[in-house]
Amino acid sequence: MTALIAGAASTTFGKHDDLSARELFRDAAEAAIGLVSLTAVDIDAVYVGNFMGALTDDQGHMGALMADYLGIPDVPTATVESACASSGTAVSRAVDAIDAGQADVVLVGGVEMMYATGIAVITDALANAADNEYENEAGLTFPGIYALMAREYMNTYDVSEEDLAQVAVKNRRNGVSNPISQFQEEVTIEEVLEARPIAPPLGLFDCCPITDGASALIVVSPEFAANHGLSPDVRIAGRGQAGDTLALQDREDMGRTRAAERAAERAYTAAGIVPEDIDVCEVHDCFTIAELLAVESLGLCERGEGATLTTTGETAKEGRIPVNTSGGLIAKGHPVGATGVAQLVEIVKQLEGRHPNQVPDSAIGVTHNVGGSGASAVVHVLEVAG
Amino acid sequence: MTASWYESFAAAVDREEPQYRRCAACGESGLPPRQTCPTCGEPEMIDAPLSMSATVVAATEIHVTTPKFEGEAPYTVVIAEFDENVRLTGQLSGNEDVRPGDGVTVGVERREDWPPVITFTPS
Ligand SMILES: [Zn+2]
C-alpha cells in the first residue's frame, strides 16, 4: 500500500455557528487542496466522515453535498459513518480506492456541527453510537459508558482519579500552543478533580468538549504524484480496522478495547513496524480513561500501565513517546465526524516538521480512532515518504 | 422503534422468567438473542432460563443526561452479571449506593409512551 498524503488541513476547532456544514468543510478542503498544485477538478472521489448531520443540520448525504459545493458534482462520493471513527474509516476507503486503481486523487475529510443545537440534543445524538436497547433505554449516556469502563479499569488496576486527571492536564498543556485548538488554556490537576461531575469518576474536564470543525486530506497515488511533479512528504504505510460488540455489557473485559488492539496489530503488520518504532501518536482521548486504554491498545506499554506511562511524563511532548501533541480530543476538540482525519492532519504536520509542538526527527506516526465505546476502531501508520 | 426481542425480554422479566441465549455447541452465553455464536461461529444459540438476581460489576451516577431523562438526574446506571455469565445494563431503583459485588434483582419500570426501562434493585 502506497497512498501518499499531498495536502492536509483542519479548520480551527470550536464554535462556528455562523457557518453551515458545507461552508466549514469547504474551508478545510480548499486549504488542503491549496497545499498541492492541484484544483478541485483533479479530484476523482470524495469521502466525508459525518456522524450526526441528520440530527444537527437536518442534512444527510454529506458526501454528495460537499462534492457539489466544491464544484465537482459528477465524482463518486460517499458519507462514511462509524460514529466517532467515521473519518478514520473514510481514510481507509480512500486508500482502498487508490489501491484498487479506481482513483488517483481522493479528497477525504470529515465535518461535524455540534454547537448550535445545545448539550441535550448532542448528548442524545452521541448516544446513537451506543446500543439503543441495552444502553440508551436504561438512561446510560456516552460519558456514562466510559465512566463504567473507567470503574472496571480502576477496580482492576491501581489507578486513581488523579491519574486520570493527569491525561487532561497534559493534553490541555499541549493545546495551548496549537492554533486550531478549542481550549488554549492549561488546567491544574485540582481544577480537573474539582470540576462538576458528568458521570463519576469523570468530571467536566475529563470529557472532550462539544466542537464544530472540519478536516481534509488530499490522498494521491504514487503514479499520479510522479506524473504531476508532486513529492508528498508523507505516505500511509499501514492501516488496520477491527470491531467488537456494540454494547459494553457484552465484553468480557470492559477495561480493554480489543477492537483497537486488533486494528493496531493489523496496521503495524501492514507497515512492518513494531510499537518501539513509533515516534509520535494521536489517540482517541474522548475521555481521560480512553487515552489510558488507547496507549495500552497501541502496545506503547503493558496493560494496566497506561497511567504510569502518563504520570511519569513519557507521553508528554518532550517524553519518550509523545501522545496527543495536538492537545487531543480533550483540548483540540472533538467534531465527531472530523476527528479521524484531524488526527492524520496533526501527524502529517509532525512528519513534515511543522507542528507547533514539534517532536524532533519524527519519522513514524500513528493515529488511533475509535467509534462508540470501542465497537469500531481504525489505526493508521504514517511514515516520511521517500 | 425498539426491537421486539427487547419488549419480549422485558415482558418475561415481568413474569419473573427471563431468558438468555446459550450456545448448544460451545456453551457461550449472552444477549442480545443472536442466532450465530460470536465465539465459535455455530448457528446454535438457544433460549435458556436466566435468574432474577445478579451481581454489580460497575456503576456510575449520570449527572448530564439526554432529553428523555432530563429532570431525573442524577441517577445511577449499573452493569450487573448473572450466574449464567450474562451481563445486563439497568437503572438502579432508589438512592442506595452500590459497589461491585453487591447483589441486585432485575426488574422492569413501565412508563407511558416509552419502551420499558430495565432496573436493578439492591437485594
Ligand atoms: Zn458457540
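Look above for the structure.
What you see is a predicted model, and the numbers here were worked out from it, not measured in a lab.

Observations regarding the overall build of chain B
In step 1: Secondary structure assignment for chain B yields one helix and eight strands.
In step 2: Secondary structure elements of chain B, listed N to C terminal, follow the sequence α-β-β-β-β-β-β-β-β.
In step 3: Relative to the 2.2 N^0.38 estimate, which gives 14 Å for 123 residues, the radius of gyration of chain B is 15 Å and therefore close to what a compact globule would have.
In step 4: Dimensions of chain B along its principal axes, counting C-alpha atoms only, are 45 × 35 × 25 Å.
In step 5: Going through the 123 residues of chain B one by one, you find that 47% of them count as buried.
In step 6: Taking as baseline every contact in chain B between residues at least 6 positions apart, the subset at least 24 positions apart corresponds to 50%.
In step 7: For chain B, the exposed area adds up to about 6000 Å²; of that, 43% sits on carbon and sulfur atoms.
In step 8: In chain B, the 9 positive side-chain charges and the 20 negative ones have mean positions that sit 4 Å from each other.

Details of the overall build of chain A
In step 1: On a plain count of helices and strands, chain A comes out with 14 helices and eleven strands.
In step 2: Its C-alpha radius of gyration of 19 Å places chain A within 12% of the 21 Å reference for a compact globule of 386 residues.
In step 3: Buried residues in chain A amount to 64% of all 386 residues.
In step 4: A separation threshold of at least 6 residues defines the contact pool for chain A, and within that pool the share at least 24 residues apart is 78%.
In step 5: Split by element, the accessible area of chain A, about 12700 Å² in all, is 46% carbon and sulfur.
In step 6: In chain A, which carries 22 positive and 56 negative side-chain charges, the distance between the mean positions of the two groups comes to 1 Å.

Description of the coordination of the zinc ion
Between any two of four tetrahedral donors, the ideal angle at the metal is 109.5 degrees; between two of six octahedral donors, it is 90 or 180 degrees.
All names here are of chain B.
In step 1: Looking at the metal site, the zinc ion is ligated by Cys23 (SG), Cys26 (SG), Cys37 (SG) and Cys40 (SG), spaced 2.3 Å from it.
In step 2: Of note is the zinc ion, whose four donor atoms meet at the metal with angles of 105 to 114 degrees in an arrangement that counts as tetrahedral.
In step 3: The sequence pattern describing where the donors of the zinc ion fall on their chain is C-x2-C-x10-C-x2-C.
In step 4: Owing to a relative accessible area of 35%, Cys40 belongs among the partly exposed residues under this scheme.

What to know about unusual backbone geometry
In step 1: With an omega dihedral of 10 degrees, the bond running from Pro200 of chain A to Pro201 of chain A counts as a cis peptide bond.
In step 2: For Pro201 of chain A, the location among the structural elements is in the loop between β5 (197-199) and β6 (202-203).
In step 3: Leu31 of chain B connects to Pro32 of chain B through a cis peptide bond whose omega is 0 degrees.
In step 4: Mapped onto the elements of the fold, Pro32 of chain B is located in the loop between β2 (29-30) and β3 (45-49).
In step 5: Positive phi outside glycine occurs at Asn324 of chain A, with the angle close to 60 degrees.
In step 6: With respect to the element layout, Asn324 of chain A can be found in the loop between α12 (306-311) and α13 (328-332).
In step 7: Under the relative-accessibility criterion, Asn324 of chain A is labelled buried at 0%.
In step 8: Backbone geometry places Asn85 of chain B, a non-glycine residue, at a positive phi of 65 degrees.
In step 9: Note on placement: Asn85 of chain B falls in the loop between β5 (75-82) and β6 (87-92).

Focus on helix α14 (residues 339-351) of chain A
In step 1: Helix length check: α14 of chain A (13 residues) gives 19 Å between terminal C-alpha atoms against 18 Å at 1.5 Å per residue, within 8%.
In step 2: Burial within α14 of chain A is extensive, with 13 of its 13 residues counted as buried.

Quick look at the interface of chain B and chain A
In step 1: Residue-level contacts link 36 residues of chain B with 30 residues of chain A.
In step 2: The partner of Arg34 of chain B in a salt bridge is Asp250 of chain A, and the shortest N-O contact between them spans 2.4 Å.
In step 3: Connecting chain B to chain A are ten residue pairs in polar contact (both at pLDDT 80 or more).
In step 4: Elements with a contribution of two residues or more to the side of chain B that touches chain A: α1 (4-14), β4 (53-62), β5 and β6 of chain B.

Regarding the environment of Asp163 of chain A
All names here are of chain A.
In step 1: With respect to the helices and strands, the residue Asp163 is situated in helix α7 (residues 161-175).
In step 2: Residue Asp163 is classed as buried on the basis of its relative accessible area of 17%.
In step 3: Spatially, the C-alpha atoms of Asp163 and Ile289 are 9.3 Å apart, while their sequence positions differ by 126 residues.
In step 4: Excluding residues that lie within four positions of it along the chain, Asp163 makes contacts with Asp158, Ala307 and Thr311.

Re the sheet that holds strand β2 (residues 45-49) of chain A
Residue and element names in this part refer to chain A.
In step 1: Read from one edge of the open sheet, nine strands run β3-β2-β4-β7-β1-β8-β11-β10-β9, paired in mixed fashion. At either end of the open sheet lies a strand with only one pairing partner, and these are β3 (77-80) and β9 (280-282). For this sheet, the mean angle separating the axes of adjacent strands, direction not counted, is 25 degrees.
In step 2: Sheet contacts for helix α3 (residues 62-69): β2, β3 and β4 (105-112); angle to β3, the most-contacted strand, approximately 130 degrees.
In step 3: Running at roughly 120 degrees to strand β8 (residues 234-243), helix α4 (residues 86-99) makes contact with β2, β3, β4, β7 (213-220), β8, β10 (364-371) and β11 (376-384) of the sheet.

Considering empty space enclosed by the protein
Residues and elements named next belong to chain A.
In step 1: Here the structure, examined in full by the defined rule, presents two cavities of 30 Å³ or more.
In step 2: Counted as a void, the largest cavity has a volume near 50 Å³.
In step 3: Along the walls of the largest cavity sit Tyr146, Thr257, His284, Ala290, Leu293, Ala294, His368 and Val370, which together make up its complete lining.
In step 4: Those elements giving two or more residues to the lining of the largest cavity turn out to be α11 (288-297) and β10.
In step 5: The residue makeup of the lining of the largest cavity, split by class, is five nonpolar, three polar and no charged.

Basis of the calculations
Residues numbered from 1 in each chain as written. Chains lettered and ligands numbered in written order. Predicted model: local features only at pLDDT ≥ 70, side-chain atom pairs only at ≥ 80, totals over all residues. Heavy atoms only, no water. Helix = DSSP H or I, 4+ residues; strand = E, 2+ residues; numbered from the N terminus. Rg over C-alpha atoms; globule rule 2.2 N^0.38 Å. Buried < 20%, exposed > 50% of the residue type's maximum accessible area, 1.4 Å probe, protein only. Contact = heavy atoms within 4.5 Å. Areas by Shrake-Rupley, 256 points an atom, 1.4 Å probe, with all protein chains shown as cover. Lys, Arg positive; Asp, Glu negative; His and termini not counted. Charge placed at Lys NZ, Arg CZ, Asp CG, Glu CD. Donors = N, O, S within 2.8 Å, 3.2 Å for Na, K, Ca; no water. Tetrahedral: all angles 85-135°; square planar, octahedral: opposite > 155°, others 65-115°. Expected span 1.5 Å × (residues − 1). Salt bridge = Lys/Arg side-chain N within 4 Å of Asp/Glu carboxyl O. Polar contact = N/O pair within 3.5 Å; in protein donor to acceptor, adjacent residues only side chain to side chain. Pairing = 2+ DSSP bridges. Axes fitted to C-alpha atoms, helices over the stretch in contact; angles between N-to-C directions. 1 Å grid on protein atoms, 1.4 Å probe; cavity = no way out; pocket = protein on both sides within 12 Å on 5 of 7 lines; lining within 4 Å. Points joined across faces, edges and corners; volume = space filled by probe spheres on them. Nonpolar A, V, L, I, M, F, W, Y, C, P; charged D, E, K, R; others polar.

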